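Notes for the structure review
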Amino acid sequence: MTTDALKSAAAAEAIALVENGMKLGLGTGSTAKHFIDLLGAKVKAGLDVVCVATSKQTEVQARSLGIRVVTLDEEPYLDLTVDGADEIDSELRLIKGGGGALLREKIVAAASERMVVIADTTKKVKVIGKFPLPIEVVPFGLKATHAMIEALAAEAGCKGAILQRKAKDGSAFVTDNGNFILDCGFGRIDEPEELAEVLTLVPGMVEHGLFIGYCDLAFLAGTNGVERLESEPDV
Ligand code: 5RP
């Protein structure tokens, strides 16, 4: 089975959760793309949903398939967001932002009743951090922001190269929000909550790619089937 087929299998599990009349958040990336393809087919067959996209790229794809896309201001409360992830641990803590859409992805996930992650099993890790943690920062004062992230992350036990993301042509990668991304190669993040907390102290930091307490359910597709990971219900 190809990785693409696995991504599609995970997306198929998530599409089964979609009901007529739902307000949906649409994720970004190659796995989310499969979900949007499947959703487009359902819409063509008569499904009535309204969607908020987490990136311009996703919006273009969704509209091209005839999916109704509105802004989050028009629909500020969503039923379900389906998105991919760069890493996920057994507590459903995520690293996201490989596609550079982490800020809108987090805003949309926070506005949703449920967030479901779809991925292939290679994204499942014991300790998150091998995938460089993306952090969205404002262009103003980039060096100062970089230095402060480095220092505070070290206090939280995270050290490693912090690199500004580049576009394919070598220029600075610019997010849909006009910001830059710093990719932090920490290797392992033993205390994600602590790191997330200290990062909020950096004024130039817009948002980080640690999604803690967002994901309710994950479908992880492997060659032996799709694993379902669910968060503990609140008591
Ligand atoms: C984009 C993301 C993506 O969900 C993440 O990078 C996973 O992408 P893919 O499904 O292509 O592996 O966070 O900002």
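As a reminder, the structure under discussion sits directly above these lines.
The sections below set out a description of the structure shown in this document.

Rules and cut-offs
- Residues numbered from 1 in each chain as written.
- Predicted model: local features only at pLDDT ≥ 70, side-chain atom pairs only at ≥ 80, totals over all residues.
- Heavy atoms only, no water.
- Helix = DSSP H or I, 4+ residues; strand = E, 2+ residues; numbered from the N terminus.
- Rg over C-alpha atoms; globule rule 2.2 N^0.38 Å.
- Contact = heavy atoms within 4.5 Å.
- Areas by Shrake-Rupley, 256 points an atom, 1.4 Å probe, with all protein chains shown as cover.
- Near = heavy atom within 4 Å.
- Polar contact = N/O pair within 3.5 Å; in protein donor to acceptor, adjacent residues only side chain to side chain.
- 1 Å grid on protein atoms, 1.4 Å probe; cavity = no way out; pocket = protein on both sides within 12 Å on 5 of 7 lines; lining within 4 Å.
- Sits in = over half its atoms within 2 Å of the grid points.
- Nonpolar A, V, L, I, M, F, W, Y, C, P; charged D, E, K, R; others polar.
- Axes fitted to C-alpha atoms, helices over the stretch in contact; angles between N-to-C directions.
- Parallel < 35°, antiparallel > 145°, perpendicular 65-115°, else oblique.
- Left-handed = near helix turned anticlockwise from the far one by under 90°.
- Core = buried A, V, L, I, M, F, W, Y, C linked by side-chain atoms within 4.5 Å.
- Buried < 20%, exposed > 50% of the residue type's maximum accessible area, 1.4 Å probe, protein only.
- Pairing = 2+ DSSP bridges.

Regarding its fold elements, the protein presents six helices and 14 strands. Taking 235 residues into account, the globule formula puts the C-alpha radius of gyration at 18 Å, and the protein, at 17 Å, falls close to it. In terms of overall dimensions, the protein has a C-alpha envelope of 55 × 40 × 35 Å along the principal axes. Here the contacts in the protein between residues at least 6 apart in sequence split such that 75% fall between residues at least 24 apart. For the protein, the computed accessible surface area is about 11200 Å², with 53% contributed by carbon and sulfur atoms.

This brings us to the site of the ligand. The immediate surroundings of the ligand are formed by 17 residues, with Ser30, Thr31, Asp86, Gly97 and Lys123 found nearest. The contact in question runs from an oxygen atom of the ligand to an N or O atom on the backbone of Gly84, over 3.4 Å. In isolation the ligand has 380 Å² of accessible area, and contact with the protein removes 90% of it. In this structure the site holding the ligand corresponds to the second largest pocket. Of all elements in the fold, only α2 (30-44) and α4 (102-110) reach the threshold of two or more residues within the shell around the ligand. When its residues are assigned to classes, the shell around the ligand shows three nonpolar, nine polar and five charged.

With that settled, consider the packing of α2 against helix α3 (residues 56-64). α3 packs onto α2 with a crossing angle of 20° between their chain directions and a minimal axis gap of 9 Å. Taken together, α2 and α3 sit at an angle that is classed as roughly parallel. The interaxial crossing formed by α2 with α3 has right-handed handedness. Contact with α2, carried on its side by Lys33, Ile36 and Asp37, involves Thr58, Gln61 and Ala62 of α3 and no other residues of that element. Tallied by class, the residues present in the contact of α2 with α3 amount to two nonpolar, two polar and two charged.

Judged by nonpolar contacts, the single largest core of 27 residues is most densely connected at Val18, Leu24, Phe35, Leu39, Val49 and Ile118. Elements with a contribution of two residues or more to this core: α1 (3-15), β1 (23-26), α2, β2 (50-53), β4 (78-83), β7 (112-120) and β13 (217-222). Looking at this core element by element, the count peaks at five residues for α1. In this structure Val18 touches Leu24, Phe35, Leu39, Leu47, Val49 and Leu80, once residues within four positions along its chain are discounted. Counting 24 residues, the second-largest nonpolar core is a separate cluster that includes Ile149, Cys184, Leu195 and Leu210.

With that out of the way, let us pick up the pairing of strand β14 (residues 225-230). On a regular strand, one side chain projects to one face of the sheet and the next to the other, so that they alternate. With six bridges connecting them, β13 and β14 associate as antiparallel partners. When the bridges of β14 are listed, Gly222 appears paired with Gly225. Hairpin geometry of β13 and β14 is characterised by an intervening segment of two residues between the two adjacent antiparallel strands.

Turning to the environment of Asp37, a few remarks are in order. Examined against the element boundaries, Asp37 turns out to sit in helix α2. On the basis of relative accessibility, which here comes to 33%, the residue Asp37 falls in the partly exposed class. The sequence separation of Asp37 and Ala11 amounts to 26 residues, and the corresponding C-alpha distance is 9.3 Å. The contact partners of Asp37, leaving out residues within four places of it in the chain, are Gln61 and Leu65.

Right, let's get into the sheet that holds strand β8 (residues 133-137). If you walk across this open sheet you meet the four strands as β9-β10-β8-β11, and the pairing is antiparallel. Each edge of the open sheet carries a strand with a single partner, namely β9 (162-164) and β11 (205-208). Here the strands of the sheet are splayed against their neighbours by 30° on average, with no regard to which way each runs. The pairing of β9 with strand β10 (residues 180-184) spans three bridges and is classified as antiparallel. Looking at β10, one finds that Leu163 is bridged to Asp183.

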